[in-house]
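A structural walkthrough
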Amino acid sequence: MSLDLQLSGKTAIVTGGSAGIGLAIAKALYSEGVNVAIAARNPERLEQAVSTIESLPSSGATIISISADLSQAEGVEKVVSTALEQLGQIDIVINNAGSARAGAFIDLGDDAFLDAWNLKLLGYIRLVRAILPHLQSRRDGRIVNIIGGAGRTPRPSFLPGGTTNAALLNFTRGISKELAQHNIRINAISPGLTATERAESLAQQNAQSQGVSVEEVKAESLKAIPLGKIVKPEEIAALALSLFCHFPE
Ligand SMILES: NC(=O)c1ccc[n+]([C@@H]2O[C@H](COP(=O)([O-])OP(=O)(O)OC[C@H]3O[C@@H](n4cnc5c(N)ncnc54)[C@H](OP(=O)(O)O)[C@@H]3O)[C@@H](O)[C@H]2O)c1
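**Focus: unusual backbone geometry**
Its identity as a non-glycine residue notwithstanding, Arg139 has a phi of 50 degrees, on the positive side. Looking at the element boundaries, Arg139 is found in the loop between helix 4 (110-138) and strand 5 (141-146). Taking the C-beta count within 10 Å as the criterion, Arg139 has 10 such neighbours and is therefore assigned exposed. The residue Asn183 is not glycine, and still its phi comes out positive at about 60 degrees. Residue Asn183 is classed as exposed on the basis of its C-beta count, with 12 C-beta atoms lying within 10 Å.

**Considerations on the site of the ligand**
Near the ligand, the surroundings consist of 28 residues, among which Gly16, Gly20, Arg41, Gly98 and Gly148 are the closest. Among the secondary structure elements, those contributing two or more residues to the shell around the ligand are helix 1 (20-31), helix 4 and helix 6 (197-210). Looking at the shell around the ligand, its residues break down into ten nonpolar, twelve polar and six charged.

**Things to note about helix 3 (residues 73-87)**
Between the first and last C-alpha of helix 3 there are 21 Å, a value that for 15 residues agrees with the 21 Å anticipated at 1.5 Å per step. All of the buried residues along helix 3 are Gly75, Val76, Val79, Val80 and Ala83. Down the axis, helix 3 shows its buried residues gathered within 135 degrees of arc, on one side only. Helix 3 presents Glu74, Ser81 and Glu85 as exposed residues on the side facing more than 90 degrees away from its buried surface. Tucked inside the fold, the buried residues of helix 3 contact strand 1 (11-15), strand 2 (35-40), strand 3 (63-67) and helix 4. One or two residues past the end of helix 3 sits Gly88, with phi positive at roughly 90 degrees.

What counts, and at which threshold
Residues numbered from 1 in each chain as written. Predicted model: local features only at pLDDT ≥ 70, side-chain atom pairs only at ≥ 80, totals over all residues. Helix = DSSP H or I, 4+ residues; strand = E, 2+ residues; numbered from the N terminus. Buried ≥ 20, exposed ≤ 12 C-beta atoms within 10 Å, placed from the backbone. Near = placed C-beta within 6 Å. Nonpolar A, V, L, I, M, F, W, Y, C, P; charged D, E, K, R; others polar. Expected span 1.5 Å × (residues − 1). Arc of directions from axis to C-beta. Contact = placed C-beta atoms within 7 Å.

Laid out in structure tokens, this is it:
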């Protein structure tokens, strides 16, 4: 049996779509013929991502970028209104923009926790709330929250991220029951350590706070992974796409 994604002509928002996992998901959706709006802060990086995505083979899909700070309520509103204005409708939302600091608990102040919660926890919740009236009116929609292993397996050196991810697992499961009444699906993907810029900067932060080398931190992380290798963003994108496949009734 082959998988039938039937995604051509659909429309998606991918937050944090200018780099890492978000960029890999945006590329995968675009290659399936999905019109994609990528959102992040840095306009140059967004433009670079648009050029990369446009160079991929696709059956006439559109790619647009929206520069917005998703840790702010206005940023989330801007993403939704611009995407609807320019693409007409939204079928898929990939909540992915996140960034939490690593370090020893005693060294991290309120700002480290508040920054992580504002961007990822409130950012994801606000985006679901902002897009809901549109999805409800169409009685259709798919939302994927990219969360992270620290939500279930917290580490003392990553508590701003762990607490964010634990709350998002709770939110995703809790809201799923209400969304299902409107034929809207919401799922979570919790990647393990994935080869992105962010993974690199987390390794540096951990090395600094533990007083060891980046190589030592990386070697320690690999020990905890059964396959002994770090996952590629494209593998997370393939997993996200698999959530969209249709099976005949
Ligand atoms: N990499 C891992 O090992 C790993 C593991 C588990 C879970 N995750 C989760 O996966 C998601 C993506 O991580 P990644 O590793 O792909 O990160 P990344 O490579 O650092 O990319 C982050 C993306 O988010 C955007 N972003 C950051 N802050 C933003 C803000 N305030 N407003 C709007 N956009 C913002 C960045 O662009 P700008 O900086 O230009 O805004 C960029 O496009 C995150 O939620 C992360 O927690 C990652």
